[in-house]
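So the chains spell out like this:
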Amino acid sequence: MREVAIAGVGMMKYGRYPDKYVQELGAEAVLEACKEAGITMKDVQLLVSGNLYQASAMVGQRILQQIGQTGIPVVNVANACATGSTAVREAYLAVASGAYDIAVAVGSEQMGKMGLLGGRGDDPYGRSHITEGHAGSGIMPTVFGQAGVEHMRKYGTTFEQFAKVAYKNHKHSVLNPYAQYQQEFSLEEIMNARMITWPNTLYMCCPTGDGAGAVVVMPADKARQYTSTPVIIAASILTSDPWSERDLTLPNVNTLTHLAAQQAYEQAGIGPEDLDLVELHDCFATAELLHYENLGLCGEGEGGRMIDEGLVFHGGKIPVNVSGGLLSRGHPLGATGACGIAEIVWHLRGQAGARQVEGAKVGLAHVIGLGSACTVHILKR
Amino acid sequence: MSSGLTARFAACYNLLGAERRRPLTSQQPTTVEKKTLPIVAYLHLPESADEEPYLWGNKCISCGAVYVGSRMACSRCTSQQLDRVRFSNSGEIWTFGVVHQSIPGVPTPYVAAIVDLPEGASVRATVTGLDPNQPGPSWFGRKVQMYIEKAYTDKQGNDIITYKYRPVEGS
């Protein structure tokens, strides 16, 4: 396998774009990434396109129809919330294997004001009934709420500690012009906000919205010809949920993240202590705190201490989600994974503006898609 | 907030399910018998007055893993040798959330729990009889008992029966 580097990234400001179609969002991100890398669409040999809600609609080809139908292979991928990062991984593998020299991965999604996800009965033969509320709950705020409450049970974690995660990420978002919401809230405002599923209030849940991100990958030696600041993909790992005791009832978001992180540290030849920043999957405030432990940023049961002691704030020992995270940057499902990687790239190149983590050399981007898929990418300068 | 989403699902349902399921050649029945149906396949409804409802599942003969409902193979060890098991109607709350905002038509708030069963499986369930405004650690491990009730009438006029749990007195 060849060493692979990122030569350029592109990202749309997250938000709602009723005047654009999803392929236009994706196309903008691709063009921006190509511009950064100093290439044109004529140089691109492979496009991997991630999109979830229009997965059957050939979004990758529709992007090329906007910006250049060069006849290259296009692969459309869907992997829940890990869709965009799975696209990056597929492009990475295609280049690492030697099959292609220049590949572009793009993640895009248009959700509009789509509401609560999950909890429906949607069998094509009508064999499933709607169970939501009648036999528990499958909506996302509940599933990730229950996972947080399980952490409360095991380690005595509190509602306030989970709320502090949201306080941190909203505070971070103020400095990120790409964020869907750039608004700081007090801890009291977060804790007293409308409850969605206890213990997650409105400001502890990510918004729905639109967005796109793109990444240009090349063999590392080739990338050095295009840019003076290539970012090496030191690890790219994808896992699914292995059997665990309650996984089929309460999706276990911990074990597959733990395994992906372990494999990623092994591939990169580093440990969590070597990281300068982390972008992790804070779809709900309860989820982020669990992943401090799953990614090895602290020991088992120490997630609450990480937030209490401020270690994960910008300027702390290991800043987490300085972009504002999914909670405020937004979470257009298929875009998220590619955008988390793009965010890390900007920091490693010293181009993250006011939110720059000074001197960042190594960063980790984590995504989990319920169902479940987990990606961990470790990037280094 | 979610009404657009519901309309989307309804549209998908019609496109993918209802229309296609209608046989093209066989004669359409003039009257359809209304049925009483379990909300999930793993809920067994009583077939006589002296029978109790229960949940059922599969147990792997090889490694002992227990699953709710039927499976093709054991997802822990891949063995295809599975036994059908009848679950007890008692259980314990493992974790929970309190849902304050749900899909349209579902009354809130409700307690959505993961209930551990003595046979080694766990189920998603709604738990009644707890104050949804007072969630807390005292709910962990609470002993609960299953009961059934009508959830709703579906589009075909069938009564859909669900299972729920409520705390055992004094637990």
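Everything numeric here is computed off the predicted structure, so don't read it as measured data. (Residues numbered from 1 in each chain as written. Chains lettered and ligands numbered in written order. Predicted model: local features only at pLDDT ≥ 70, side-chain atom pairs only at ≥ 80, totals over all residues.)

Right, let's talk about the overall build of chain A for a bit. Within chain A, the secondary structure is distributed over 12 helices and 11 strands. Expected size for 381 residues packed as a compact globule is a radius of gyration near 21 Å; at 19 Å, chain A falls within 12% of this value. The C-alpha extent of chain A, read off along each of the three principal axes, is 55 × 50 × 40 Å. Relative to its 381 residues, chain A shows a buried fraction of 64%. Sequence-distant contacts in chain A: of pairs separated by 6 or more residues, those separated by 24 or more amount to 76%. (Helix = DSSP H or I, 4+ residues; strand = E, 2+ residues; numbered from the N terminus. Rg over C-alpha atoms; globule rule 2.2 N^0.38 Å. Buried ≥ 20, exposed ≤ 12 C-beta atoms within 10 Å, placed from the backbone. Contact = placed C-beta atoms within 7 Å.)

Let's shift gears to the nonpolar core. One finds A:A91, A:A105 and A:V215 to be the most contacted residues of the largest nonpolar core, which totals 168 residues. Leave out the neighbours within four places in its chain, and A:A105 touches A:V48, A:A87, A:V88, A:E90, A:A91, A:A214, A:V215, A:V217 and A:A338. (Core = buried A, V, L, I, M, F, W, Y, C linked by C-beta atoms within 7 Å.)

Before going further, it helps to examine the interface of chain B and chain A. With 44 residues of chain B at the contact, the number on the chain A side is 34 residues. Of all the elements in the fold, those that place two or more residues in the side of chain B that touches chain A are α1 (3–21), β4 (66–68), β6 (90–99), β7 (110–116), β8 (122–127) and β10 (159–167) of chain B. Considered class by class, the residues forming the side of chain B that touches chain A number 29 nonpolar, 11 polar and 4 charged. Pairing of strand β5 (residues 195–198) of chain A with β6(B), which is carried by 2 bridges, proceeds in the antiparallel orientation. Of the residues in β6(B), the one forming a bridge with A:W198 is B:V98. (Nonpolar A, V, L, I, M, F, W, Y, C, P; charged D, E, K, R; others polar. Pairing = 2+ DSSP bridges.)

Overall, the predicted model of chain B reaches an average pLDDT of 87, with 81% of residues at or above 70. Here the prediction assigns the complex a pTM of 0.92, and the interface score ipTM is 0.93. (pLDDT = per-residue confidence, 0-100.)

Residue and element names in this part refer to chain A. Take T286: it is sitting in helix α9 (residues 285–294). For T286, a count of 33 C-beta atoms within 10 Å translates into the label buried. Considering only alpha carbons, one finds T286 and V149, 137 residues apart in sequence, at a separation of 8.1 Å.

Our focus in this paragraph is the environment of A:P199. Residue position: A:P199 is located in the loop between β5 and β6 (200–201). Contact partners of A:P199, with chain neighbours within four places excluded, come to A:G145, A:G148, A:V149, A:F159, A:F162 and A:T286.

Moving on: the sheet that holds strand β8 (residues 231–240) of chain A. All names here are of chain A. Pairing within the open sheet is mixed, and its 9 strands lie in the order β3-β2-β4-β7-β1-β8-β11-β10-β9. The outermost strands of the open sheet, each flanked by one partner alone, are β3 (74–77) and β9 (277–279). The sheet shows a mean angle of 25° between the axes of neighbouring strands, direction not considered. The pairing of β9 with strand β10 (residues 362–369) spans 3 bridges and is parallel. Residue pairing in the sheet places E279 in a bridge with A365 of β10. Along the sheet, helix α3 (residues 83–96) makes contact with β1 (4–11), β2 (46–50), β3, β4 (103–110), β7 (210–219), β8, β10 and β11 (373–380), crossing β4 at roughly 170°. Set on the sheet, helix α8 (residues 255–268) makes contact with β8, β10 and β11; between it and β8 the angle comes to about 150°. (Axes fitted to C-alpha atoms, helices over the stretch in contact; angles between N-to-C directions.)

Once that is clear, we can look at helix α5 (residues 159–173) of chain A. For α5(A), with 15 residues, the first-to-last C-alpha span of 22 Å sits near the 21 Å given by 1.5 Å per residue. α5(A) sits mainly inside the fold: 13 of its 15 residues count as buried. (Expected span 1.5 Å × (residues − 1).)

With that out of the way, let us pick up the pairing of β1(A). Residue and element names in this part refer to chain A. With 8 of 8 residues buried, β1 lies mostly within the body of the structure. As defined by bridge partners, β1 adjoins β7 across 7 bridges and the pair is classed as antiparallel. Across the sheet, V4 pairs through a bridge with P219, a residue of β7. With 2 bridges joining them, β1 and β8 adopt antiparallel strand pairing.

With that settled, consider the pairing of strand β9 (residues 143–153) of chain B. Residues and elements named next belong to chain B. Direction of pairing for β6 relative to β9: antiparallel, over a ladder of 3 bridges. Within β9, the position partnered with G91 by the bridge is V144. Here β9 runs beside β10; their pairing, made up of 9 bridges, is antiparallel. Residue pairing across strands places Y152 opposite I160, the latter belonging to β10.

The next subject is α3(A). All names here are of chain A. Over its 14 residues, α3 runs 20 Å from end to end, which matches the ideal 20 Å to within 8%, given 1.5 Å per residue. With 12 of its 14 residues buried, α3 lies for the most part within the structure. Of the residues trailing α3, G98 is marked for its positive phi of about 95°.

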